[in-house]
Amino acid sequence: MVTIIMPDAHFRNLDLNLLRVFVALLEEESATRAGGRLGLTQSAVSHALGRLRLSLGDELFIRGPSGLRATPRAAEMGPAVRAALKLLEGAVSAPRFDPATTQRTFNVAASPYACSVLMPGVVQRLLTEAPGVKLRLRGLDASLVDDLDRGRLDMVIGGFDYVAGRFVHTSLFMETGVWVIRADHPAAKGDPDDAVLARLPRLIVASGDAAMEGAARMGLRDLGLRAITAWSDDYDLGGVSLRDFQGPVTVPDAYSALIIVGETDMAALVPRRLALLAQQRGKLVLIEPNREPEPASFGAVIRSGESEPVNWLLEIVRDVGARL
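Residues numbered from 1 in each chain as written. Predicted model: local features only at pLDDT ≥ 70, side-chain atom pairs only at ≥ 80, totals over all residues. Heavy atoms only, no water.

(A) Looking closely at the nonpolar core. Ranked by internal contacts, the top residues of the largest apolar core, which has 44 residues, are Leu118, Met155, Ile157 and Val180. Examining the composition of this core, we find that seven residues originate from one element, helix α13 (residues 308-322), more than from any other. Here Leu118 is in contact with Ile157, Leu172, Phe173, Val317, Val320, Gly321 and Leu324, once residues within four sequence places are set aside. (Core = buried A, V, L, I, M, F, W, Y, C linked by side-chain atoms within 4.5 Å. Buried < 20%, exposed > 50% of the residue type's maximum accessible area, 1.4 Å probe, protein only. Helix = DSSP H or I, 4+ residues; strand = E, 2+ residues; numbered from the N terminus. Contact = heavy atoms within 4.5 Å.)

As structure tokens, then:
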């Protein structure tokens, strides 16, 4: 095998696109067909061939009865140039994402509620479809917008009132509220309704307004994170709005409410899916409200133009959310 040695000056000044033309001419044996393959005119192909001839000091292709015929020099160069171009293409192309073999780490910020109701299904899918993936979950904090912008976070999951245009929001599922009392509560023996609830001591889950104000102070204006426990602001029970009702106990989150209700005679309005999880453990009884609170929307936010792996994870999150 003869090795082609090109002067350094020629190689440094050689346009690699000319080598693509060279390979196309070698395989097509026609300037017209080579141009069609590369999206170039016949004139552009002829011009490129002229530059190649000048750079390499060889005719490279001569016209024969059946089309362009490679010179001995071109035939000798062909396999090496073809292999080199393929190697370069592989080096500069983004590697294909394969969930089954990837070792990628995903960083996701989510509310405790989203972690509880959504993430078990997501984690199960990851264990099955992408066993090498690492999932790092964190809470919603003041740095999440900056981290999402800079790629330190791949996704934020929560309830959003608005999302800045540089991000993409995907709806996942809707949630509403349901009343809960402990399973062995005296009121659970009959068919409790709003009239029964109106006579019970009621535990109030803190409004989402304070959470929104705090989010704004923390610089989260680009993501209007909303607390879904704000239903109690507008719910009317026994002619009294819970916004105006001063219960004996107010808690900051639904998890605290579920625990306290499970150990006392109090009732609370909490997210339905959390209540169902507690009911499955035999701790609580659900009471359907006479007037169902307005549903709250949950979604996922990623950067616009995200990578294939993040969009793959988003599809899993969306699929799990649709099945809840």
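(B) Main features of the pattern of salt bridges. What the rule picks out here adds up to 22 salt bridges. A salt bridge links Arg125 to Glu129; its shortest N-O distance comes to 2.4 Å. Remark: Glu129 and Arg125 occur in helix α7 (residues 119-129); sequence separation between them is four residues, near one turn of the helix. A salt bridge links Asp319 to Arg125, with the shortest nitrogen-to-oxygen separation between them at 2.7 Å. Taken together, the residues Asp319 in helix α13 and Arg125 in helix α7 connect sequence positions 194 residues apart. (Salt bridge = Lys/Arg side-chain N within 4 Å of Asp/Glu carboxyl O.)

(C) Unusual backbone geometry, seen in detail. Non-glycine residue Glu29 carries a positive phi angle of around 55°. Glu29 sits in the partly exposed class, given a relative accessible area of 38%. A positive phi angle is found at Leu60, which is not glycine, with a value near 70°. Along the chain, the position of Leu60 falls in the loop between α4 (42-56) and β1 (61-64).

(D) Spotlight on the packing of aromatic side chains. Applying the stated criterion to the full structure yields six aromatic pairs. Measuring from ring centre to ring centre gives 6.1 Å for Phe106 and Trp312, while their planes differ by 35°; the resulting arrangement is tilted. Taken as a pair, Phe106 in strand β3 (residues 105-110) and Trp312 in helix α13 lie far apart in primary sequence, 206 residues in all. With relative accessibility at 0%, the residue Phe106 sits in the buried group. Looking at Trp312, the relative accessible area reads 15%, which means it is buried. Between the aromatic rings of Tyr113 and Phe173, the centroid separation amounts to 6.4 Å while the plane-to-plane angle is 45°, which identifies the pairing as tilted. Placement of the pair is Tyr113 in helix α6 (residues 112-117) and Phe173 in strand β7 (residues 167-175), with a sequence separation of 60 residues. (Phe/Tyr/Trp six-rings, centres within 6.5 Å; stacked < 30°, edge-to-face > 60°.)

(E) Just the confidence of the model for the protein chain, in detail. Across the protein chain, the average pLDDT comes to 82, with 83% of residues at or above 70. Segment residues 1-9: pLDDT under 50, and eight contacts once partners within four positions in sequence are set aside and those in other chains are kept. Considering only residues more than four positions removed or in separate chains, one finds that residues 208-219, a stretch of pLDDT under 50, has 14 contacts. (pLDDT = per-residue confidence, 0-100.)

(F) Fine view of the sheet that holds β3. Judged by pairing direction, the sheet is mixed, and its five strands sit side by side in the order β4-β3-β5-β16-β7 without closing on themselves. The two strands at the open ends of the sheet, each matched to only one other strand, are β4 (134-138) and β7. Direction aside, the axes of adjacent strands within the sheet are offset by 20° on average. Note: β3 against strand β5 (residues 155-158), three bridges, orientation parallel. Paired with Ala109 across the strands is Val156, a residue of β5. Sitting on the sheet, α7 is in contact with β3, β4 and β5, with an inclination near 165° to β4. Sheet strands in contact with α13 are β3, β5, β7 and β16 (296-303), and its direction is about 20° off that of β7. (Pairing = 2+ DSSP bridges. Axes fitted to C-alpha atoms, helices over the stretch in contact; angles between N-to-C directions.)

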